[in-house]
Amino acid sequence: GSSGSRQEHSTWKIIVVGDMSTGKTSIIERYCDGHFMEYYKPSTGIDLKKKIINYENKTIFLNIWDTAGTEKYQSLIQLYYRGAIGLFIVYDITNLNSLHNLEFWMKNIDDFAPSNVVRILIGNKCDLESNRKVSTEEGQLVAQHFGIPFFEVSSKNNLNVDDSFMKMVSMINEME
Ligand code: GDP
Ligand code: MG
C-alpha cells in the first residue's frame, strides 16, 4: 500500500441469510466474539461485526453483516446483498420448514446477490440431536443440488463454526 508495506490487505463483505431463529446472529457472535447466549435482544436494521484475520500472509478485514430481523423487508435485503463476496445460507436441523425455505433463499440470492458470490450451506443447532428433523444426508443432498459446500454446526457448542468460516475464507481467497 501507500505506506510502503508489502503486506496485502483485503476487505470482504460476508453476509448470513436464512429463516428467522435458525441461529444466524448466534453463529456470527460465536465466530466474532467467541460466546453464545440463549437470548439475543431482538434488534432492527442491519448489524455489522468486524473481524481481522491473517491468512497466507494477508491481512483480511471481514465485515460480517447480520440481518437482525430484516428478513421480512425486501428493500433492506437488496441493500444487504450489495457488494457481498461471501454468504452463508443457514437452516436449523430441528426445523424442517427452515430447510424447505432454502428454495426461497436460493432464489433470493440469484435475484439480488452478486453473481459470483461464494456460498456455503450451514445446518445449525447440531447439538440438539434428540430434536433433529433434518438428517445430515438431507442437508448434503441439498448442498449437492446447489453445488455448494455444507457444514453442520453448533454455535452453542462451538462445533464447526470456525471451520465453515475458514472454508469461506479459503474459497474467496482462491477466487481473488
Ligand atoms: P436468528 O434469528 O437466525 O439470528 O437466530 P438467533 O441467533 O437469534 O437464534 C435463535 C434461537 O436459537 C436463540 O434462542 C438461540 O439461543 C438459539 N440457538 C442458536 N444457535 C443455536 C445452537 O447451535 N444450538 C442451540 N441449541 N440453540 C441455538
Ligand atoms: Mg438474528
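Please read these numbers as outputs of a predicted model, since none were measured by experiment. (Residues numbered from 1 in each chain as written. Chains lettered and ligands numbered in written order. Predicted model: local features only at pLDDT ≥ 70, side-chain atom pairs only at ≥ 80, totals over all residues. Heavy atoms only, no water.)

(A) Inspection of the sheet that holds strand S1 (residues 8-18) at higher detail. Strand order across the open sheet formed by six strands is S2-S3-S1-S4-S5-S6, with mixed pairing between neighbours. Both edges of this open sheet fall to strand S2 (47-55) and strand S6 (150-152), since each of them pairs with a single strand only. This sheet shows a mean twist of 25° between the axes of neighbouring strands, independent of strand direction. Where strand S4 (residues 86-92) meets strand S5 (residues 118-124), seven bridges bridge the pair, whose relative direction is parallel. (Pairing = 2+ DSSP bridges. Helix = DSSP H or I, 4+ residues; strand = E, 2+ residues; numbered from the N terminus. Axes fitted to C-alpha atoms, helices over the stretch in contact; angles between N-to-C directions.)

(B) Representation of the packing of aromatic side chains in the model. Within this structure, the stated rule accounts for six aromatic pairs. Arranged with centres 4.6 Å apart and planes meeting at 50°, the rings of Phe88 and Phe165 form a pair that is tilted. Here Phe88 is found in strand S4, whereas its partner Phe165 is found in helix H6 (residues 161-175), with 77 residues between them in sequence. The exposure classification of Phe88 matches that of Phe165, with both residues buried. Of note, Lys51 hangs over the ring of Tyr31, and the distance from its end group to the ring centre comes to 4.6 Å. (Phe/Tyr/Trp six-rings, centres within 6.5 Å; stacked < 30°, edge-to-face > 60°. Buried < 20%, exposed > 50% of the residue type's maximum accessible area, 1.4 Å probe, protein only. Lys NZ or Arg CZ within 6 Å of the ring centre and 35° of its normal.)

(C) Highlighting unusual backbone geometry. A positive phi angle, close to 75°, is found at Ser21, a residue other than glycine. With respect to the element layout, Ser21 can be found in the loop between S1 and helix H1 (24-33). On the basis of relative accessible area, Ser21 is assigned to the exposed category, the value being 60%. Non-glycine residue Lys125 carries a positive phi angle of around 75°. Inspection of the secondary structure puts Lys125 in the loop between S5 and helix H5 (136-146). According to the relative accessible area criterion, Lys125 is partly exposed, its value standing at 22%.

(D) Representation of H1 within the structure. Among the ten residues of H1, eight are classified as buried, and the element is accordingly described as predominantly covered. For H1, the set of buried residues is Lys24, Ser26, Ile27, Ile28, Glu29, Arg30, Tyr31 and Cys32. In this structure, the buried side of H1 is in contact with S1, S2, strand S3 (58-66), S4, S5 and H6. Phi turns positive one or two residues past the end of H1, at Gly34, with a value near 70°. (Contact = heavy atoms within 4.5 Å.)

Limitation: the analysis is restricted to geometry and does not speak to function.
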